[in-house]
Structures are given as C-alpha cells and as structure tokens.
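# Fold and contact review
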Amino acid sequence: MKKAQVIPPDSYPQMMSKSDAAKISRILRSSEAVAKGARVIKDAGQKLRAGVREYVRELEDAIGDHQITSEKAHDIRGFAETAGLRATGRIADGLCRYFEELEKLDAAPDGAVVTLHVSAIARAAHAEEESSRMNDVVVKELAALVSHKLAETKALHPRKNSN
C-alpha cells in the first residue's frame, strides 16, 4: 500500500483571514446560534428519524450481504444521533467497529453477531422511549460480545494480529 502524504494545514490557501475566522467562530458558538440549530434539528426530527428508519429497513434487507450491511451500518452510525436516536447510532457504531476489525484480520464476520446487531439496531430505531436504560445495557452487552468474538478471531489468525 502506498504511504499517505501528510500536508501541513498552513500549506492550504486560507478562505478567510484569522480575524474573520475568529468572528465567525464566536457567532457559531453563540447561544442564539446554538438555540437556532437545536430548533431546526427538533423541527426536522420526525423526518430525520424516518430517514434513519429507512436506512434500518435497508440494513435488515441486506442481511447476508456483509458489504451492504457494513455500508448501511455506517450510514446509520453517522446519522442516527442527529435524528435523536442515540442508542441506534451507538449500536450501529459497534457493528461498524466489528466489521472494521475483522477486515484488518482478513476474517469473515459471524452471521449471528451481525444478525443480533441488526435486530438491536431495528429495535432501538423503533423504540418509543429512546432514553431507556435498557438501550445502554444492550450497547454494553453487544460490545462485550464483539470483544469476545474478536479475541477468538485474533487467536485463530495470529499472523494478521500484528496491527
């Protein structure tokens, strides 16, 4: 693989002066801007959640195709929290990490682990009470399962374990 080239941030052309950037930064951190942003997200909440639930439907349809399942889980991970579905995003994040670690090991996912995550993502996305303590338990238990399965996989692939 080709080594990445690092370009120092100061080498890029600046879009605005440092003083203008500081002014915009202050404006964006103002209480008015924060409140307005929160209002916009709240007003769009139903549509955002509907979008996440559509991704979840596509995720469920993709079971068995690990490539599509991984892609859909990444979509959900990036979008769910903004939609107010924090647990859904956290569970999707766990599935994404599982796929990413297995890719490093050049190992296949355990279908039961994937199915369990997809089921939990779907349940969390459709739960009426997002702040349920049960969601935290599910996230932690799935993370423990992934850690266990990855440890098993690493034991079976000792040469690929050097990363």
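Residues numbered from 1 in each chain as written. Predicted model: local features only at pLDDT ≥ 70, side-chain atom pairs only at ≥ 80, totals over all residues. Heavy atoms only, no water.

### Observations regarding the packing of aromatic side chains
Counted according to the given criterion, the structure contains 2 aromatic pairs. On the basis of an interplanar angle of 75° and a centroid distance of 5.9 Å, the ring pair of Tyr55 and Phe79 is categorised as edge-to-face. Taken together, the residues Tyr55 in helix H3 (residues 45–61) and Phe79 in helix H4 (residues 66–79) connect sequence positions 24 residues apart. Consider the rings of Tyr98 and Phe99, whose centres lie 6.3 Å apart with planes at 45°: the pair is tilted. Here Tyr98 and Phe99 have matching classes, each one buried. (Phe/Tyr/Trp six-rings, centres within 6.5 Å; stacked < 30°, edge-to-face > 60°. Helix = DSSP H or I, 4+ residues; strand = E, 2+ residues; numbered from the N terminus. Buried < 20%, exposed > 50% of the residue type's maximum accessible area, 1.4 Å probe, protein only.)

### Focus on the environment of Ile91
Take Ile91: it is sitting in helix H5 (residues 86–105). Given a relative accessible area of 3%, Ile91 falls into the buried group. Not counting chain neighbours up to four residues away, the residues in contact with Ile91 comprise His117, Ala120, Ile121, Ala124, Val138, Val139 and Leu142. (Contact = heavy atoms within 4.5 Å.)

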